[in-house]
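# Commentary on secondary and tertiary structure
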Amino acid sequence: MSSFSTSGILLRRIDFSDFDFIITFFTLNMGKLSVIAKNAKKSTKRFSGILEPFSFLDLVCTSGRGNRLPVLKEASSKQIFPGIRKNINNTAYASYWAELINKWMEDGQKYKPLFYLFLHMLKELDRGYISGENLSILFQIKFMVISGMHPNLTYCITCKTRTEHVKSSMFFFDLDNGGIVCEKCGSDSKYHISFSKGTLKQLLWIQNKNFSIASKIKFTDKATKEGLRFLETFVPYHLGTEPKSLKVLQQIRKGRQHV
Ligand SMILES: [Zn+2]
């Protein structure tokens with residue numbers, strides 16, 4: 001049996017039997033890779049407890065025969081991000097990003113820019129200098145660029161006026177047509193998502209900057225709230241999915257606001 005080595009970030013881990021896990025990794029060179037980790041549930045010594053969500057690991061696998069999944073033989077940690085796992089809020093954000101990535105990626109394709117984005121986001125979340133809320137705005141904006149979702153934020157899709165020339169301070173977002181509508185052309189009753197001109201400016205700014213510059217932005221509270229509401233509606237809508245992890249995330253956020 002031939003073996004191969006790679007490194008990857010753990011995206012998803014599911015129980016396969018009383019003893020085994022099926023694990024999906026996001027690897028740099030092979031894209032999405034699902035493997036079976038035999039006896040990983042029983043013997044924690046075997047993989048020394050590192051097969052945890054978002055761990056960045058070096059892997060050695062043997063190729064599966066026929067259609068069978070490769071078997072994970074060895075795993076060692078490159079980075080395990082304790083600052084994410086110890087914090088329920090951070091775990092919720094990272095879980096949401098991982099679910100979006102897992103749902104969007106197809107097997108057998110490499111996604112190097114997305115891999116580097118995800119790794120960078122996990123490192124930032126682990127460091128804790130930027131809040132999970134703001135990192136999630138950055139992640140979703142950059143994820144949309146990489147995955148080609150391209151919502152139109154530069155002009156009103158009805159009257160074609162560029163946003164910087166629109167006088168009103170409020171915009172709506174048309175989910176079906178993937179673009180913004182100015183206050184004159186739209187109304188609250190027709191479109192459920194609205195945001196202010198200030199929020200729109202901040203979103204556009206980070207869309208056009210590279211990540212290290214974009215991550216220096218200081219979002220206003222209003223932009224954070226409006227940006228998250230817009231992105232957490234648009235991104236799942238565009239992917240045609242209702243991420244379970246998003247529901248959990250929103251519940252946790254709501255709970256924190258009531259503390
Ligand atoms: Zn208009």
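Quick caveat, the model's predicted, so the values are computed rather than measured.

It is at 10 Å that the axes of helix H2 (residues 88–104) and helix H4 (residues 132–146) come closest, and there the two elements cross at 10°. Overall, the two elements H2 and H4 adopt an arrangement that is roughly parallel. Across the interface between the two elements, Asn89, Tyr93, Tyr96, Trp97, Leu100, Ile101 and Trp104 of H2 pack against Gly132, Glu133, Leu135, Ser136, Phe139, Gln140 and Phe143 of H4. For the contact of H2 with H4, the class distribution of residues is nine nonpolar, four polar and one charged.

Every protein donor of the zinc ion is accounted for by Cys156 (SG), Cys159 (SG), Cys182 (SG) and Cys185 (SG), and the metal-donor separations fall at 2.3 to 2.4 Å. Bound by four donor atoms, the zinc ion shows angles of 99 to 116° at the metal and therefore tetrahedral coordination geometry. Each donor residue of the zinc ion lies on one chain, and together they are spaced C-x2-C-x22-C-x2-C. Note that Cys159 is positioned in the loop between H4 and strand E6 (170–174) and Cys185 in the loop between strand E7 (179–182) and strand E8 (193–196), a separation of 26 residues in sequence. For Cys159, a relative accessible area of 34% puts it in the partly exposed group.

In this section: the packing of aromatic side chains. Considering all chains together, one arrives at 12 aromatic pairs under this definition. Aromatic pair Phe139 and Phe143: ring centres 5.6 Å apart, planes at 10°, arrangement stacked. Of this pair, Phe139 and Phe143 both sit in helix H4, four residues apart, which is roughly one turn of that helix. Per residue, the accessibility class of Phe139 equals that of Phe143, and both read buried. Taken together, Trp97, Trp104, Tyr111, Phe139 and Phe143 form an aromatic cluster joined through their ring pairs. In this structure, Arg13 packs its charged tip against the face of Phe21, placed 4.3 Å from the ring centre.

Rules of the game
Residues numbered from 1 in each chain as written. Predicted model: local features only at pLDDT ≥ 70, side-chain atom pairs only at ≥ 80, totals over all residues. Heavy atoms only, no water. Axes fitted to C-alpha atoms, helices over the stretch in contact; angles between N-to-C directions. Helix = DSSP H or I, 4+ residues; strand = E, 2+ residues; numbered from the N terminus. Parallel < 35°, antiparallel > 145°, perpendicular 65-115°, else oblique. Contact = heavy atoms within 4.5 Å. Nonpolar A, V, L, I, M, F, W, Y, C, P; charged D, E, K, R; others polar. Donors = N, O, S within 2.8 Å, 3.2 Å for Na, K, Ca; no water. Tetrahedral: all angles 85-135°; square planar, octahedral: opposite > 155°, others 65-115°. Buried < 20%, exposed > 50% of the residue type's maximum accessible area, 1.4 Å probe, protein only. Phe/Tyr/Trp six-rings, centres within 6.5 Å; stacked < 30°, edge-to-face > 60°. Lys NZ or Arg CZ within 6 Å of the ring centre and 35° of its normal.

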